[in-house]
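Secondary and tertiary structure notes
Each chain, letter by letter, is given below.
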Amino acid sequence: TRLTSLKIPSTLHPQILSTLNLGGIKTVSEINNFPDAGLLALSKTLLPPSNLPLVPLKIHLPSNRTFSLPSPLNSTLHSLSSTSPILTEYLPFSCGGLSSCSTCHVYVVAGYTEPEEEEEDMLELSEGYEEGKSRLGCCLEVREGMEVVIPEGFKDYWS
């Protein structure tokens, strides 16, 4: 299938198809016309298979509280939000995790990795952008020893 040709793990196929159906994309033709970049972005927002090792992700909240969230390696903050409501309290993911807003903007203070060009373009438009520190939570993949800070406030142009 097309999802397999994009190297999206088969364990995520049912979640992707279900998400597309909720968005009104139901026929094979509509799915085939959906952009590759969109399917790949969607696959990154879904929770990876549970057989991946868990690592502690340290999260600093705007309220000066800090907590550690056991997270599968390579998962994104968006995928983790389905099991951690506190993340959606501070990060609304208004575009659904498709890298087209910056309501999930965070600062990485340990374990920073460089963003892809598409993410960098969106970050440069976000309030409080800091090169070498800013990332979008929907794109940021969890690494061992990673620590993120959720900044105070955000601009949600989607709602």
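In this report, the structure presented in the accompanying data block is examined. Given the structure is predicted, the values throughout are model-derived calculations rather than measurements.

1. Let's talk about the overall build of the protein chain
Of the regular secondary structure elements, the protein chain holds 7 helices and 5 strands. Helices and strands in the protein chain line up, N terminus first, as α-α-α-α-β-β-α-α-β-α-β-β. Once local pairs closer than 6 in sequence are excluded, the contacts in the protein chain between residues at least 24 apart make up 59%. Within the structure as shown, the protein chain displays about 8,700 Å² of accessible surface, and the carbon and sulfur contribution to it stands at 54%.

2. Notes on the nonpolar core
Across soluble globular proteins, nonpolar side chains show a tendency to be buried alongside one another. In terms of nonpolar packing, the biggest core is built from 24 residues, with Ile59 and Ile150 touching the most fellow members. Of all the elements in the fold, those that place two or more residues in this core are strand 1 (54–60), helix 5 (77–81), helix 6 (85–90), strand 3 (105–110) and helix 7 (117–123). Looking at this core element by element, the count peaks at 3 residues for strand 1. Ile8, Ile16, Ile25 and Leu39 belong to the second largest nonpolar core, which has 9 residues in total.

3. Examining the packing of aromatic side chains
With the rule as written, the count across this model stands at 0 aromatic pairs. When the ring centre of Tyr107 is taken as reference, the NZ or CZ atom of Lys133 above it lies at 5.3 Å.

4. As for the environment of Ser79
Within the secondary structure layout, Ser79 lies in helix 5. C-alpha separation for the pair Ser79 and Cys138, spaced 59 residues apart in sequence, amounts to 7.7 Å. At 2.8 Å, the side chain of Ser79 forms a polar contact with the backbone oxygen of Thr76.

5. Topic: the environment of Val55
Its place among the elements puts Val55 in strand 1. Judged by its relative accessible area of 6%, Val55 falls in the buried class. Once the C-alpha coordinates of Val55 and Met146 are considered, the two residues, 91 residues apart in sequence, prove to be 8.9 Å apart. The residues touching Val55, leaving out its near neighbours within four places in the chain, are Leu69, Pro70, Ser71, Leu73, Val142, Arg143 and Glu144.

6. Observations concerning the environment of Val109
With respect to the secondary-structure elements, Val109 resides in strand 3. On the basis of relative accessible area, Val109 is assigned to the partly exposed category, the value being 43%. Placed 39 residues apart in sequence, Val109 and Val148 show a C-alpha to C-alpha distance of 5.8 Å. Apart from the residues within four sequence positions on either side, Val109 is in contact with Lys133, Glu147 and Val149.

7. Examining unusual backbone geometry
Non-glycine residue Asn64 carries a positive phi angle of around 65°. Mapped onto the secondary structure, Asn64 falls in the loop between strand 1 and strand 2 (66–72). Phi is positive for Ser99, close to 60°, though the residue is something other than glycine. By secondary structure assignment, the location of Ser99 is in the loop between helix 6 and strand 3.

8. What to know about the pattern of salt bridges
Following the criterion strictly, the structure yields 3 salt bridges and no others. For Arg135, the salt bridge is made with Glu119, and the minimal N-O distance between the two is 2.8 Å. Taken together, the residues span a long stretch of sequence, with Arg135 in strand 4 (residues 134–136) and Glu119 in helix 7 at a distance of 16 residues. Note on accessibility: Arg135 and Glu119 belong to one class, buried.

Thresholds applied
- Residues numbered from 1 in each chain as written.
- Predicted model: local features only at pLDDT ≥ 70, side-chain atom pairs only at ≥ 80, totals over all residues.
- Heavy atoms only, no water.
- Helix = DSSP H or I, 4+ residues; strand = E, 2+ residues; numbered from the N terminus.
- Contact = heavy atoms within 4.5 Å.
- Areas by Shrake-Rupley, 256 points an atom, 1.4 Å probe, with all protein chains shown as cover.
- Core = buried A, V, L, I, M, F, W, Y, C linked by side-chain atoms within 4.5 Å.
- Buried < 20%, exposed > 50% of the residue type's maximum accessible area, 1.4 Å probe, protein only.
- Phe/Tyr/Trp six-rings, centres within 6.5 Å; stacked < 30°, edge-to-face > 60°.
- Lys NZ or Arg CZ within 6 Å of the ring centre and 35° of its normal.
- Polar contact = N/O pair within 3.5 Å; in protein donor to acceptor, adjacent residues only side chain to side chain.
- Salt bridge = Lys/Arg side-chain N within 4 Å of Asp/Glu carboxyl O.

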